[in-house]
Amino acid sequence: MAAHKVVCWDCGCDVEDPFVNTCPRCGGLLTVKMDLEPLKAMKPEDLHKEPIGVWRYAPFLPVDYDKRVSIKEGGTPLYETKALSKEFGIKEMHVKYEGANPTGSFKDRGMTVGVSHAVELGAKVVGCASTGNTSASLAAYASKAGISCAVFLPSGKVAAGKLAQAMFFGAKVISIDGNFDDALAIARKMSEEKQLYLLNSINPYRPEGQKSVLFEIMDQLKYDVPDRIIVPVGNAANIWAVYKAVKELEEIGWIDKVPMLTGIQAEGASPVAKAFSNKTADFEPERNPETVATAIRIGNPVSGRKALKAIYDTGGYSTTVNDDEIISAQKMLGRREGVGVEPASAASVAGAKKLRDMGIIDKDERVVCICTGNALKDPDTIIANSDPIFKCANDIDAVKKILLG
Ligand SMILES: *Cc1c(COP(=O)(O)O)cnc(C)c1O
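Reading guide: rules and limits
- Residues numbered from 1 in each chain as written.
- Predicted model: local features only at pLDDT ≥ 70, side-chain atom pairs only at ≥ 80, totals over all residues.
- Heavy atoms only, no water.
- Helix = DSSP H or I, 4+ residues; strand = E, 2+ residues; numbered from the N terminus.
- Buried < 20%, exposed > 50% of the residue type's maximum accessible area, 1.4 Å probe, protein only.
- Contact = heavy atoms within 4.5 Å.
- Areas by Shrake-Rupley, 256 points an atom, 1.4 Å probe, with all protein chains shown as cover.
- Lys, Arg positive; Asp, Glu negative; His and termini not counted.
- Charge placed at Lys NZ, Arg CZ, Asp CG, Glu CD.
- Salt bridge = Lys/Arg side-chain N within 4 Å of Asp/Glu carboxyl O.
- Expected span 1.5 Å × (residues − 1).
- Near = heavy atom within 4 Å.
- Polar contact = N/O pair within 3.5 Å; in protein donor to acceptor, adjacent residues only side chain to side chain.
- Nonpolar A, V, L, I, M, F, W, Y, C, P; charged D, E, K, R; others polar.
- Axes fitted to C-alpha atoms, helices over the stretch in contact; angles between N-to-C directions.
- Parallel < 35°, antiparallel > 145°, perpendicular 65-115°, else oblique.
- Left-handed = near helix turned anticlockwise from the far one by under 90°.
- Patch = residues over 30% accessible without salt bridge, like charges linked within 9 Å, V, L, I, M, F, W, Y side chains within 5 Å.
- Core = buried A, V, L, I, M, F, W, Y, C linked by side-chain atoms within 4.5 Å.
- Pairing = 2+ DSSP bridges.
- Right-handed = clockwise from strand over helix to strand, strands pointing away.

Thoughts on the overall build of the protein
The helix and strand inventory of the protein stands at 15 helices and 12 strands. When its C-alpha atoms are laid out on the principal axes, the protein stretches across 70 × 45 × 45 Å. By the burial criterion, 58% of the 405 residues in the protein qualify as buried. Partitioning the contacts of the protein with sequence separation of at least 6, the portion at a separation of at least 24 is 72%. Accessible area for the protein stands at about 16800 Å²; split by element, carbon and sulfur atoms hold 52% of it. Measuring between centres, the 50 positive side-chain charges of the protein sit 1 Å from its 52 negative side-chain charges.

Here you go:
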């Protein structure tokens, strides 16, 4: 295991108690500080004995490789989306397709590390609040680890595929009569009372695994750093994880340029984007977040301040896209590129189009959009926004009439 310690992101003090989620001294956010010294003597090729995936980057991770709880996460494709680049007027555009992870979202990158750490600590019960994907992922990794799992979901707002996964992998599924922010408050209380080990992204080990998406992008682009990386922002840990990975690579001298980290939120759930437009380091929580992109339907993002730091510090940007723009980008990915993503994931691509139209993205930029989850997560939204199917008699002439007119 790479040497590391947990510190408070706000006051900087060391945090010894492995069961707290905030700083015991100031209430601030926690983060893992890795000892990067051993990596300074290495080159990217030294990692290539292991196939591309989260565990190729074990020297950057705060858990023991030999005791990992893994279902072979990461190693997702990076597609060059030429049809979309042309349509948007951007020189080079790629999509990092996180829908190809074992449970169909990037959450698996954080969970393999988070659950490995939980097992190291001897946790018997793990839990989380979730808009859906965190619970699907945690349920699978808890199964793999042989420990129990409880998930707290906002009632009626979880996409069918995600709910089915949590049930399928055998989690105790508790539907809270409230939104995600309410469900998280309950999960945090349960954790404070030591009823479960919390694996929401407020747990600093989760973003450590999520750093791997950036390491893979760099590998796949042969360390030719892109100008910009665009990330959908919900609870805001993923963009923070990408930033943390960028800073670590910079510190060990593997990159000498930093991509502009760009966070996209849904119009109806946009505290981070609003804070960015007001140029503030903190955000105002929103009470009733609403968007078709349920994975980012979050009004009080736990890592919102970290996300803003990531965006400001890299000269990035943040804006919103509305539900029509999200659905339109989702369709474009499907119909022009053959790539199926869920609505929240399409926010990054919708954001690329909007920021190019606004002139924020230059025509000569090389852009990577992270597409966070698989289309099959939310079949209802796809069916509701597609052309109707053809109802047809059991008869070839009737079929010909439909196809040939
Ligand atoms: C969790 C999730 C997000 C948001 O990630 P944060 O780290 O909460 O900002 C975006 N898209 C999908 C598909 C997700 O599952």
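On we go.
So, the pattern of salt bridges
For the coordinates displayed, the defined rule picks out 27 salt bridges. Where Glu87 meets Arg336, a salt bridge forms, and the shortest distance between an N and an O atom there is 2.4 Å. Note that Glu87 is positioned in helix α2 (residues 82-88) and Arg336 in helix α12 (residues 323-337), a separation of 249 residues in sequence. Arg336 gets classed as partly exposed once you look at its relative accessible area, which sits at 41%. Taking the shortest distance from any N to any O, the salt bridge between Lys274 and Glu286 comes out at 2.5 Å. Taken together, the residues Lys274 in helix α10 (residues 271-277) and Glu286 in the loop between α10 and α11 (304-313) connect sequence positions 12 residues apart. With relative accessibility at 42%, the residue Lys274 sits in the partly exposed group. A relative accessible area of 18% places Glu286 in the buried class. In this structure, a network of salt bridges that share partners links the residues Lys96, Glu98, Arg109 and Glu216.

A closer look at helix α3 (residues 107-120)
In this model α3 runs 20 Å from its N-terminal to its C-terminal C-alpha over 14 residues, within 8% of the 20 Å that 1.5 Å per residue would give. Every buried residue of α3 is listed here: Lys107, Asp108, Arg109, Gly110, Met111, Thr112, Val113, Gly114, Val115, Ser116, His117 and Ala118. Summarising the contacts, the buried residues of α3 are in contact with β4 (92-97), β5 (125-129), α4 (133-145), β8 (197-198), α7 (205-210) and α8 (212-220). Phi for Gly122, located one or two positions after α3, is positive at around 85°.

Focus: the site of the ligand
For the ligand, the set of nearby residues contains 16 residues, the closest of which are Lys107, Asn133, Asn235, Ala236 and Thr372. The contact in question runs from an oxygen atom of the ligand to an N or O atom on the side chain of Asn133, over 2.7 Å. Within the contact set of the ligand, an oxygen atom lies 2.8 Å away from a backbone nitrogen or oxygen of Gly234. Of all the secondary-structure elements, those providing two or more residues to the shell around the ligand are α9 (237-251) and α13 (343-358). Tallied by class, residues from the shell around the ligand come to 7 nonpolar, 7 polar and 2 charged.

Concerning the packing of α4 against helix α5 (residues 160-168)
Viewed as axis vectors pointing N to C, α4 and α5 meet at an angle of 25°, and their least axial separation amounts to 8 Å. By the criterion of interaxial angle, the relationship of α4 to α5 is roughly parallel. The two elements α4 and α5 cross, and the hand of that crossing is left-handed. Packed against α4, whose contacting residues are Asn133, Ser135, Ala136 and Ala139, the element α5 presents Lys162, Gln165 and Ala166 at the interface. For the contact of α4 with α5, the per-class residue count stands at 3 nonpolar, 3 polar and 1 charged.

What about a nonpolar patch on the surface?
A cluster of nonpolar side chains, contributed by Phe390, Ile396, Val399, Ile402, Leu403 and Leu404, occupies part of the molecular surface with about 670 Å² of accessible area. With respect to the secondary-structure elements, Val399 resides in helix α15 (residues 396-404). For Val399, a relative accessible area of 35% corresponds to the partly exposed category.

A short note on the nonpolar core
Ranked by size, the top nonpolar core spans 55 residues in total, and within it Phe60, Leu214, Leu249 and Trp254 carry the most contacts. When residues of this core are traced back to their parent elements, those giving at least two are β1 (4-8), β2 (30-34), α8, β9 (228-232), α9, α10, α11 and β12 (366-371). Per-element accounting of this core gives the leading share, 7 residues, to α9. For Leu214, the residues in contact, after removing those within four places along its chain, are Ile229, Val242, Ala245, Val246 and Leu249.

What about the environment of Asn21?
In this structure, Asn21 sits in the loop between β1 and β2. For the pair Asn21 and Ala237, spaced 216 residues apart in sequence, the C-alpha to C-alpha distance is 14 Å. Once residues lying within four places of it in the same chain are set aside, the contact partners of Asn21 are Leu30, Ser191, Leu198, Ile202 and Asn203. A polar contact of 3.0 Å, which involves the side chain of Asn21, links it to the side chain of Ser191.

Some thoughts on the pairing of β5
One face of the sheet, then the other: side chains in a regular strand alternate in exactly this way. Most of β5 sits out of view: 4 of its 5 residues are buried. Examined bridge by bridge, β5 and strand β6 (residues 148-154) share 5 bridges and lie parallel to one another. Bridge pairing in β6 links Val125 to Ser148. Note that the unit made of β5, α4 and β6 has a crossover that is right-handed. Looking at chain direction, β5 and β8 are connected through 2 bridges and run parallel. Following the sheet pairing, Val126 is matched in β8 by Tyr197.

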